[in-house]
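Commentary on secondary and tertiary structure
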Amino acid sequence: MSHEDQRPPAAVLFDVLGPDYEKAFAQAPAHLAALDWLIERLPPAARTLDVGSGTGRPTAAALIEAGHTVLGVDVSPVMVELATRQVPEAEFRCGDIRELPLDADSFDGVCVFFSLLQMTRAEQSALTRRLALALRPGGHLVLATVPADVEDLDVVFMGQPVRATSFAEDDFIGMAETAGLTVLARHSTLFSPDHPGAEPEPHLFLHCRRDETGR
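Now for a description of the structure that goes with this document. (Residues numbered from 1 in each chain as written. Predicted model: local features only at pLDDT ≥ 70, side-chain atom pairs only at ≥ 80, totals over all residues. Heavy atoms only, no water.)

Focus: the overall build of the protein chain
When you go through the protein chain residue by residue, the secondary structure sums to 8 helices and 9 strands. Whereas a compact globule of 215 residues would reach a radius of gyration of roughly 17 Å, the protein chain reaches 16 Å, a difference of no more than 12%. Along the first, second and third principal axes, the C-alpha atoms of the protein chain reach 45 × 40 × 35 Å. Pairs at least 24 apart in sequence give 69% of the contacts found in the protein chain among residues at least 6 apart. Taken together, the 17 basic and 32 acidic charged side chains of the protein chain have centroids lying 5 Å from each other. (Helix = DSSP H or I, 4+ residues; strand = E, 2+ residues; numbered from the N terminus. Rg over C-alpha atoms; globule rule 2.2 N^0.38 Å. Contact = heavy atoms within 4.5 Å. Lys, Arg positive; Asp, Glu negative; His and termini not counted. Charge placed at Lys NZ, Arg CZ, Asp CG, Glu CD.)

Looking at the sheet that holds strand β9 (residues 201–210)
Sheet strands pair via backbone hydrogen bonds, and the direction of the pair is either parallel or antiparallel. In spatial order, the strands read β3-β2-β1-β4-β5-β9-β8; together these 7 strands make up an open sheet with mixed pairing. Each edge of the sheet is formed by a strand with only one pairing partner; in this case those strands are β3 (91–94) and β8 (181–191). Neighbour to neighbour, the strand axes of the sheet diverge by 15 degrees on average, direction disregarded. In terms of strand pairing, strand β1 (residues 47–51) meets strand β2 (residues 69–74) through 5 bridges, oriented parallel. Paired with Val51 across the strands is Val73, a residue of β2. Packing against the sheet, helix α7 (residues 121–134) makes contact with β1, β4 (107–113), β5 (135–145), β8 and β9, and its axis sits at approximately 145 degrees to β5. Strand contacts of helix α8 (residues 169–178): β5, β8 and β9, with the helix running at about 150 degrees to β8, the strand carrying the most contacts. (Pairing = 2+ DSSP bridges. Axes fitted to C-alpha atoms, helices over the stretch in contact; angles between N-to-C directions.)

What about unusual backbone geometry?
Following Arg57, the chain continues to Pro58 via a peptide bond in cis, the omega torsion being 10 degrees. Tracing the sequence through the fold places Pro58 in the loop between β1 and α5 (59–65). The phi dihedral of Ala45 is positive, around 50 degrees, even though this residue is not glycine. Structurally, Ala45 can be placed in the loop between α4 (29–41) and β1. With relative accessibility at 59%, the residue Ala45 sits in the exposed group. Even without being a glycine, Phe114 presents a positive backbone phi close to 60 degrees. Mapped onto the elements of the fold, Phe114 is located in the loop between β4 and α7. (Buried < 20%, exposed > 50% of the residue type's maximum accessible area, 1.4 Å probe, protein only.)

A short note on the environment of Leu42
Within the secondary structure, Leu42 sits in the loop between α4 and β1. Not counting the four nearest positions on each side in its chain, Leu42 is found in contact with Thr48, Leu63, His68, Asp108 and Gly109.

Considerations on the pattern of salt bridges
For side chains of opposite charge, pairing can occur when their charged atoms come near one another. One pass over the full model with this rule turns up 13 salt bridges. Arg163 serves as the salt-bridge partner of Asp154, at 2.6 Å between the closest nitrogen and oxygen. Taking the shortest distance from any N to any O, the salt bridge between Arg186 and Asp170 comes out at 3.4 Å. Residue Arg186 is located in strand β8, and its partner Asp170 is located in helix α8; the two are separated by 16 residues in the primary sequence. Of the residues examined, Arg186 reaches a relative accessible area of 45% and is grouped as partly exposed. (Salt bridge = Lys/Arg side-chain N within 4 Å of Asp/Glu carboxyl O.)

Here's the deal with the pairing of β5
Counting buried positions over the 11 residues of β5 gives 9, a clear majority of the element. In the sheet, β4 pairs with β5 via 6 bridges, with the strands oriented parallel. Residue pairing across strands places Cys111 opposite Val142, the latter belonging to β5. In this view, the connection linking β4 to its parallel neighbour β5 by way of α7 has right-handed handedness. Two strands pair when backbone bridges link them, and β5 and β9 are joined in this way by 6 bridges, in the antiparallel orientation. In the strand pairing of β9, Leu141 is matched with Cys208. (Right-handed = clockwise from strand over helix to strand, strands pointing away.)

Focus: the environment of Ala83
Along the chain, Ala83 turns up in helix α6 (residues 77–86). Classification of Ala83 by relative accessible area gives buried; the value is 0%. Along the sequence, Ala83 and Val112 sit 29 residues apart, while their C-alpha atoms lie 16 Å from each other. Non-local contacts of Ala83, meaning those with residues more than four positions away in its chain, are made with Gly54, Thr55, Gly56, Pro88 and Phe92.

Below is the structure:
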């Protein structure tokens with residue numbers, strides 16, 4: 001087995017994409033709107049977690065600019081190096097979020113932008129539950145995916161072969177609610193990445209809160 005075969009598929013993919021991913025997606029209006037929604041609800045100097053932090057832009061950069069602290073976690077060392085250079089005020093760790101210990105009630109806000117799609121449905125559900133528990137009661141989480149009833153589907157993403165798993169929209173919302181989140185709003189849109197040959201793709205953004213009871 002080669003070294004590449006042993007690495008998480010997301011690490012291999014995003015090491016290849018590097019800054020091209022930021023160019024393709026950083027100006028997505030719904031992504032920026034979800035960030036604004038979260039920032040408006042964070043307390044001053046909030047502690048935030050960016051899951052699948054990529055190049056650090058726009059998510060970590062916007063949170064830092066708003067006066068918050070950021071822990072970004074990404075499985076791709078190329079992305080972590082880019083993010084550390086581009087948003088030096090934030091802390092970035094290279095690792096698999098599925099294996100990272102998360103203290104309960106430790107974050108005011110969490111961002112999960114399209115970072116579940118190369119996990120199984122069971123892994124997506126388990127991680128979302130862990131992220132909900134890592135939020136302080138009353139904390140907010142924004143969660144984005146490509147809604148589709150698919151499991152381990154071969155697709156081409158920005159010219160690279162990948163295998164993707166997701167949920168249909170209502171099932172994804174049910175997954176978030178089962179994890180202990182209240183879905184305050186949903187936003188569905190079509191977005192065309194700024195990349196040669198890219199076609200419009202459906203995006204679903206969930207604006208969520210952990211109940212004050214911390215259930």
